[in-house]
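# Structure assessment
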Amino acid sequence: MTNMQPYTIRTIREFHQFRRLPKPEHPLISLINFADMKMLKKDEPKSFVNNFYSIALKRNFNAKMKYGQQEYDFDEGIMIFISPGQVISIEADEEIRHSGWLLLVHPDFLWNTPLANAMRRYEYFSYSVSEGLHLSEKEENTIIGIMQNIEQEYHASIDQFSQTVMIAQLELLLTYSERFYHRQFITRRVANHQILNRLETNLADYFNNGSLVNKGLPTVQFIADALNVSPNYLSSLLKVLTGRSTQQHIHDKLIESAKQKLSTTNRTVSEIAYELGFEHPQSFSKLFKTKTNVSPLEFRQSFN
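Within each chain, residue numbers correspond to sequence positions counted from 1 in written order. Totals for whole chains, interfaces and linings use all residues, but because this is a predicted model, local features are given only for residues with pLDDT of at least 70 and pairs of side-chain atoms are given and counted only at 80 or more. Side-chain figures throughout are based on the complete set of non-hydrogen atoms in the structure, without hydrogens or water.

The protein has the name Helix-turn-helix transcriptional regulator in an unreviewed UniProt entry, where Dyadobacter flavalbus is given as its organism.

Written out as structure tokens, the structure reads:
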């Protein structure tokens, strides 16, 4: 079996077969103890794609894992959230060891429930592995307790309330995880403020070195790549630290530069729009008025 192309695992039952686990008790949701998972053989794929959600709480993981192109060494306990269709790769020089829990949820399990549409608001499913959630012992116990409540529910006799109870528990787990991420943004203040400082420096450099004329306004993806974080993680972090998204920070810098040019130079609005990376002056004027409630010309006239 070649390792060149990621191996696609379509169902939770297939995942159980792939990792030589007993048949799942529920076809659409399963809690797995990592201690029960058999190690992958040398000729088995180490890069794969799951067509379902994976929520992992890992400890003592002695290998490297990639989520897309991002890599993380699990030197400590961490929680990660992986959405369907993402490529996961594992690299190890020795037999893989790890402990913890893995909750698998197929999208069909969420069908016809409010959580099906709400999943997209949990942005941490789009974070990279290196932006995993670090848990305190108390937080870890909370998450494991909810996971085990879900397991207990599908172990019991299925009735008309079973899915509702499990969906409620899953939503509780996701809400706690969101809370813990916000706590992480705050408690890891030094590292996060370093990201904020680098953001400001990168934006200043971009606006001052001619990149606006040559490349246009920087995208959120461009800024996130420069900071070596995922776009969703950066915006989530900035919202907690500053109340503003990455896009809003880019626009703030743009308006700041535009005000400086309008108030200290005689260049036309069209010339300033071009210098700020706009093909069409109308687009610049519209954004400026949206952000300041006055047009560029009205702003300039206020200085006369």
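### A few points about the overall build of the protein
Inclusion rule: Per the convention used, a helix needs a DSSP run of H or I reaching at least four residues, while a strand needs a run of E reaching at least two, with both numbered from the N terminus. Contacts are assigned to residue pairs with any non-hydrogen atoms lying within 4.5 Å of each other.
Broken down by element type, the protein carries 12 helices and 9 strands. Contacts spanning at least 24 positions in sequence make up 71% of the contacts within the protein whose residues lie at least 6 apart.

### Things to note about the sheet that holds strand β2 (residues 29-33)
As a reminder of what qualifies: Whether two strands pair comes down to DSSP finding at least two bridges between them. To obtain an axis, a line is fitted to C-alpha atoms, over the contacting stretch when the element is a helix, and the angle between two such axes runs from 0 to 180 degrees between their N-to-C directions.
Read from one edge of the open sheet, 4 strands run β2-β9-β4-β7, paired in antiparallel fashion. The outermost strands of the open sheet, each flanked by one partner alone, are β2 and β7 (78-82). Across this sheet, the average inter-strand angle for adjacent strands is 10 degrees, counted without regard to direction. Pairing between β2 and strand β9 (residues 99-105): 5 bridges, direction antiparallel.

### Focus on the side chain of Ser-236
For Ser-236, the location among the structural elements is in helix α8 (residues 231-242). With near-sequence residues (within four places) excluded, Ser-236 lies in contact with Glu-123, Tyr-127 and Phe-185.

### Notes on the packing of aromatic side chains
The condition that has to hold: Each aromatic pair joins two rings of Phe, Tyr and Trp (for Trp, the six-membered one) with centres within 6.5 Å, and gets the label stacked for planes under 30 degrees apart, edge-to-face for over 60, and tilted for any other angle. Categorising residues by exposure relies on relative accessible area from a 1.4 Å probe, with only protein chains included: less than 20% of the type maximum marks a residue as buried, more than 50% marks it as exposed, and the intermediate range marks it as partly exposed.
Counted by the stated rule, this structure contains 19 aromatic pairs. Measuring from ring centre to ring centre gives 5.7 Å for Tyr-176 and Phe-180, while their planes differ by 35 degrees; the resulting arrangement is tilted. Of this pair, Tyr-176 and Phe-180 both sit in helix α4 (residues 162-187), separated by 4 residues, roughly a single helical turn. Here the aromatic rings of Phe-288 and Phe-299 are separated by 5.7 Å at their centres, their planes lie at 70 degrees, and the arrangement is edge-to-face. Of the two residues, Phe-288 is situated in helix α11 (residues 281-292) and Phe-299 in helix α12 (residues 296-301); the sequence distance between them amounts to 11 residues. Both residues of the pair, Phe-288 and Phe-299, count as buried. Three or more aromatic residues joined by ring pairs make a cluster, and in this case those are Tyr-53, Phe-81, Tyr-122, Tyr-124, Phe-125, Tyr-127, Tyr-181, Phe-185 and Tyr-233.

### Some remarks on helix α3 (residues 137-155)
Operational definition: A helix is expected to span 1.5 Å multiplied by its residue count minus one. Within this analysis, the arc is defined by the directions that extend from the helix axis to the C-beta atoms.
End to end, α3 covers 26 Å across 19 residues, agreeing with the expected 27 Å (1.5 Å per residue, within 8%). For α3, the full list of buried residues reads Glu-139, Glu-140, Ile-143, Ile-144, Ile-146, Met-147, Ile-150, Glu-151 and Tyr-154. Angularly, the buried residues of α3 cover 155 degrees about the axis, an arc narrow enough to put them on a single face. Facing away from the buried surface of α3 by more than 90 degrees, the exposed residues are Glu-137, Lys-138 and Gln-152. Where the residues of α3 are buried, they touch β2, β4 (53-59), β7, β9 and α4.

### Section: the pairing of β4
Every other side chain in a regular strand lies on the same face of the sheet, so the side chains alternate between the two faces. Burial within β4 is extensive, with 6 of its 7 residues counted as buried. Bridge analysis of β4 against β9 gives 7 bridges, and the strand direction is antiparallel. Of the residues in β9, the one forming a bridge with Lys-58 is Gly-100. Where β4 and β7 come together, 5 bridges link them in antiparallel fashion.

### Things to note about the side chain of Thr-246
Assignment of secondary structure puts Thr-246 in helix α9 (residues 246-264). With residues near it in sequence (within four places) discarded, Thr-246 still touches Val-220, Ile-223, Leu-234, Ser-235 and Leu-238.

### Focus on the confidence of the model for the protein
Rules: What pLDDT reports is the predictor's confidence in each residue, on a scale of 0 through 100.
The predicted model of the protein has a mean per-residue pLDDT of 86, with 88% of residues at 70 or higher. No element of the protein has a lower mean pLDDT than strand β6 (residues 70-73), which averages 45, and none a higher one than β2, which averages 95. Note on residues 67-75: pLDDT is under 50 here. Beyond four places in sequence and across chains, it has 35 contacts.

### So, the environment of Ser-270
For Ser-270, the location among the structural elements is in helix α10 (residues 269-275). Sequence spacing of Ser-270 and Pro-281 is 11 residues, and the spatial spacing of their C-alpha atoms is 5.2 Å.

### A short note on the nonpolar core
The following threshold applies: Residue types Ala, Val, Leu, Ile, Met, Phe, Trp, Tyr and Cys, when buried and joined through side-chain atoms within 4.5 Å, form a set referred to as a nonpolar core. Either an automatic procedure or a domain database provided the assignment from which the domain bounds are taken.
One finds Ile-55, Leu-103 and Leu-174 to be the most contacted residues of the largest nonpolar core, which totals 65 residues. Ranked by the residues each element gives to this core, the list is headed by α4, at 8 residues. Taken domain by domain, this core gets at least three of its residues from each of domain 1 (7-187) and domain 2 (210-302). Every residue in contact with Leu-174, bar those within four places of it in the chain, is listed here: Ile-55, Leu-115, Met-119, Tyr-122, Tyr-124 and Phe-125. Membership of the second largest hydrophobic core comes to 19 residues, among which are Phe-34, Ile-88, Ile-90 and Leu-104.

### Thoughts on unusual backbone geometry
Even without glycine at this site, Arg-20 takes up a positive phi of about 55 degrees. Mapped onto the elements of the fold, Arg-20 is located in the loop between α1 (12-18) and β2. Even without being glycine, Asn-293 reaches a positive phi, approximately 70 degrees.

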